[in-house]
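Listed below are the residues making up each chain.
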Amino acid sequence: MATGDALWLSLALYGDNDIPAAYFDAACAVVETAHDDSMWRVWWSHAEQHDLVIEIAYTLRAERSRVTARQGRAWVSFRRNGSRFRRLNKGGLAHLAATDLEAVLTLVSTSLNLPTPPRVPRAAHATSPTEREEAARARLEVLRQRHRKRP
């Protein structure tokens with residue numbers, strides 16, 4: 001995956017259903033770029049751990065996040081709702097991948113008392129959703145949450 005020094009950053013994506021290729025490719029590109037970037041290596045050099053493993057699972061279960069550090073390795077585990085991919089084009093999926101990794105790396109930074117991480121690289125074709133799309137997605141998620149709570 002990486003062309004720089006020893007592997008310090010890796011990514012694993014899992015899902016109950018297929019993860020869109022555009023999202024997968026964009027997430028991998030972000031990790032590869034960060035791995036090989038000297039600013040990111042300097043940021044990670046403040047950690048006591050040797051490497052960071054990011055695991056993101058896209059399921060229908062409740063969302064959660066966790067950072068664990070032991071034996072020279074840090075793991076961050078995110079679980080997100082797979083429905084977040086719906087109705088996103090290639091640019092929207094690339095934007096979502098960068099946004100997800102930004103959230104992951106911010107959590108790692110906070111949990112491990114690291115400095116603020118550098119800016120997460122975004123694909124040139126990444127486009128943020130419009131306010132209308134975001135509002136519709138938020139309403140849909142509220143309805144899903146209500147539906148799950150009913151017996």
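Quick caveat, the model's predicted, so the values are computed rather than measured.

Asker: Explain unusual backbone geometry to me, and be specific about the residues and the numbers.
Answerer: Of note in the backbone geometry, Q71 takes a positive phi value of approximately 50 degrees without being a glycine. The topology assignment puts Q71 in the loop between strand 3 (64-70) and strand 4 (73-81). Even without being a glycine, N113 presents a positive backbone phi close to 55 degrees.

Asker: Lay out the side chain of R80 in plain terms, naming residues and giving numbers.
Answerer: Summarising the element assignment, R80 is placed in strand 4. Among residues more than four places away in sequence, those in contact with R80 are A57, Y58, T59, E63, R64 and S65.

Asker: Before we move on, could you go through helix 3 (residues 90-111) and cite the residues and values that matter?
Answerer: The end-to-end C-alpha distance of helix 3 is 32 Å, a good match for the 32 Å that 22 residues give at a rise of 1.5 Å each. In this structure N89 caps helix 3, since a side-chain oxygen of it lies 3.1 Å from the backbone nitrogen of G91.

Asker: Please set out helix 1 (residues 21-36) residue by residue, giving values where relevant.
Answerer: Compared with the 22 Å implied by 1.5 Å per residue over 16 residues, the 22 Å span of helix 1 between its first and last C-alpha is a close match. Regarding helix 1, the residues found buried are A22, Y23, A26, A27, C28, V30, V31, A34 and H35. On its buried face, helix 1 sits against strand 1 (9-15), helix 2 (38-45), strand 2 (51-59) and helix 3.

Asker: How would you sum up the environment of S10? Please name residues and give values.
Answerer: With respect to the helices, strands and loops of the structure, S10 is situated in strand 1. Along the primary structure S10 and H35 are separated by 25 residues, whereas in three dimensions their C-alpha atoms are 8.3 Å apart. With sequence-adjacent residues up to four places away left out, S10 is seen in contact with L52, V53 and I54.

Asker: An account of the sheet that holds strand 2 is requested, with residue identities and associated values reported.
Answerer: Taken in spatial order, the 4 strands of this open sheet run 1-2-4-3, and their pairing is mixed. The open sheet has two free edges, formed respectively by strand 1 and strand 3, since each of these has just one partner strand. Put simply, the sheet's adjacent strands are angled 15 degrees from each other on average, direction ignored. Note that strand 3 and strand 4 share 7 bridges and pair antiparallel. Each residue of the ladder has a partner; that of S65, found in strand 4, is F78. In the packing of helix 1 onto the sheet, the strands contacted are strand 1 and strand 2, and the crossing angle to strand 1 comes to about 165 degrees. Its contacts with the sheet put helix 3 on strand 1, strand 2, strand 3 and strand 4, and the angle it makes with strand 2 is roughly 130 degrees.

Asker: Give a description of the environment of P20 that names residues and reports values.
Answerer: Along the chain, the position of P20 falls in the loop between strand 1 and helix 1. Overall, the relative accessible area of 23% leaves P20 in the partly exposed class. Sequence spacing of P20 and F85 is 65 residues, and the spatial spacing of their C-alpha atoms is 7.5 Å. Setting aside its immediate chain neighbours within four residues, P20 contacts F85 and L93.

Asker: Before we move on, can you summarise the nonpolar core with the specific residues and values?
Answerer: Core analysis: the biggest nonpolar cluster contains 38 residues, and L11, Y23, W44, L52, I54 and I56 have the highest contact counts within it. Among the elements of the structure, strand 1, helix 1, helix 2, strand 2, strand 4 and helix 3 are those that each provide at least two residues to this core. Take this core: its biggest share by element is 9 residues, from helix 3.

Asker: Tell me about the packing of helix 2 against helix 3, residues and numbers included.
Answerer: Interaxial distance between helix 2 and helix 3 falls to 11 Å at its minimum, and their mutual angle equals 35 degrees. When helix 2 is examined against helix 3, the residues W40, W43 and W44 are found in contact with a partner set consisting of L105, V108 and S109. Partitioned by chemical class, the residues of the contact of helix 2 with helix 3 number 5 nonpolar, 1 polar and no charged.

The rules behind the values
- Residues numbered from 1 in each chain as written.
- Predicted model: local features only at pLDDT ≥ 70, side-chain atom pairs only at ≥ 80, totals over all residues.
- Heavy atoms only, no water.
- Helix = DSSP H or I, 4+ residues; strand = E, 2+ residues; numbered from the N terminus.
- Contact = heavy atoms within 4.5 Å.
- Expected span 1.5 Å × (residues − 1).
- Polar contact = N/O pair within 3.5 Å; in protein donor to acceptor, adjacent residues only side chain to side chain.
- Buried < 20%, exposed > 50% of the residue type's maximum accessible area, 1.4 Å probe, protein only.
- Pairing = 2+ DSSP bridges.
- Axes fitted to C-alpha atoms, helices over the stretch in contact; angles between N-to-C directions.
- Core = buried A, V, L, I, M, F, W, Y, C linked by side-chain atoms within 4.5 Å.
- Nonpolar A, V, L, I, M, F, W, Y, C, P; charged D, E, K, R; others polar.

In short, shape yes, function no, at least from these values alone.
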